[in-house]
Amino acid sequence: DAMLKDAGRRKFDIVMAWEIDRLGRSLVDLLRTIQDLEAVGVDLCLDQQHLDTTTPTGKLLFQVTGAFSEFERAMIRQRVRAGLNAVRAKIERDGQFKSKAGKVRKRLGRPGAKPHQIEHARRELAKGLGIGKTAKLTGLGVGTVHKLKREMVAGGGM
């Protein structure tokens, strides 16, 4: 959005991107971006696709490449969903599944913090230790320790 605003202010006359998928998530986004750039007289060059929208051929290739990029993203989403559904079915059937790393899991998602880690973090926070040091000491993520601290402050534990 900022780039398109700057293009409208004529801060530059060409946008250069590594690859087409850096410009938008869908064909509609890509087409809107190229139309916006064209409307303000800014050209587009894409390194990996060797596209230059200053020519009619370049514009056609841009649109075709955008359609294939959107198709590729849709196929990736479909494969991910199929994989997740297979794991869910395995959990329902067997009560667990083995991750690619070889760990046995009983549910999808990130493994939760262990109760002893949470208690250790609460003790350290209560002593006044900082969030980063507490996270490192307990093996928890900084976000988890932040959340614990907020809960402690809200609950009057600090």
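Refer to the structure printed above.
What you see as residue numbers is a count from 1 along each chain, following the sequence as written. Given that this is a predicted model, residues contribute local features only at a pLDDT of at least 70 and side-chain atom pairs are listed and counted only at 80 or more, while totals for whole chains, interfaces and linings are drawn from all residues. By convention in this description, side-chain values take in all heavy atoms of the structure and omit both hydrogens and water.

Think of a patch as exposed residues, more than 30% relative accessible area, with no salt bridge, where like charges cluster within 9 Å and nonpolar side chains (Val, Leu, Ile, Met, Phe, Trp, Tyr) cluster within 5 Å. Throughout, the Shrake-Rupley method with a 1.4 Å probe supplies accessible areas, and for residues the shown protein chains are the sole cover considered. When a carboxyl oxygen of Asp or Glu is within 4 Å of a side-chain nitrogen of Lys or Arg, the pair counts as a salt bridge. Residues L60, V64, F68, F71 and M75 make up a contiguous nonpolar surface patch of roughly 490 Å² in combined accessible area. Within the secondary structure, F71 is located in helix α3 (residues 56-94). Helix and strand labels come from DSSP, where a helix needs a run of H or I of at least four residues and a strand needs a run of E of at least two; each type is numbered from the N terminus.

Looking now at the packing of helix α5 (residues 131-138) against helix α6 (residues 142-154). Contact geometry of α5 with α6 gives a least axis separation of 9 Å together with a crossing angle of 120 degrees. In this structure, α5 crosses over α6, and the sense of that crossing is right-handed. Here I131, T134 and A135 of α5 lie close against α6, whose contacting residues are V142, V145, H146 and K149. Its residues placed into classes, the contact of α5 with α6 shows four nonpolar, two polar and one charged. Axis angles are defined between N-to-C directions and span 0 to 180 degrees, where every axis is a line fitted to C-alpha atoms and, for a helix, only to the segment in contact. A crossing counts as left-handed when the near helix is turned anticlockwise from the far one by less than a right angle, and as right-handed when that turn is clockwise. Residues are treated as being in contact if the distance between any of their heavy atoms lies within 4.5 Å. Three classes are used: nonpolar for Ala, Val, Leu, Ile, Met, Phe, Trp, Tyr, Cys and Pro, charged for Asp, Glu, Lys and Arg, and polar for all others, with Gly counted as polar.

Taken as a whole and judged by the stated rule, the model has seven salt bridges. Close ionic contact of R93 with D94 constitutes a salt bridge, the shortest N to O distance being 3.3 Å. Linking K127 and E124 is a salt bridge whose minimum nitrogen-to-oxygen distance equals 3.3 Å. Linking K127 with E124, this pair stays in helix α4 (residues 115-127), spanning three residues, or about one helical turn. To sort residues, take the accessible area from a 1.4 Å probe on protein chains only and compare it with the maximum for the residue type: under 20% means buried, over 50% means exposed, and anything in between is partly exposed. A relative accessible area of 11% means that E124 is categorised as buried.

A few words on the pairing of strand β1 (residues 14-17). Along β1, the buried face is formed by V15 and A17; none of I14 and M16, which line the opposite face, is buried. With four bridges joining them, β1 and strand β2 (residues 43-46) adopt parallel strand pairing. Residue pairing for β2: M16 is matched across the bridge by C45. Look down the strands so they point away from you; if going from the first strand over the helix to the second traces a clockwise path, that crossover is right-handed. On the question of chirality, the crossover connecting β1 to the parallel β2 by way of helix α2 (residues 27-39) is right-handed. In this scheme, strands are said to pair when DSSP sees at least two bridges between them.

What follows deals with the sheet that holds β2. With mixed pairing, three strands are arranged side by side in an open sheet as β1-β2-β3. Each edge of the open sheet is held by one strand with a lone partner, namely β1 and β3 (51-52). Across two bridges, β2 lies against β3 in antiparallel orientation. Each bridged residue has a counterpart across the sheet, and for L46 the counterpart in β3 is L51.

Fair warning: the whole summary comes from geometry, so function is off the table for now.
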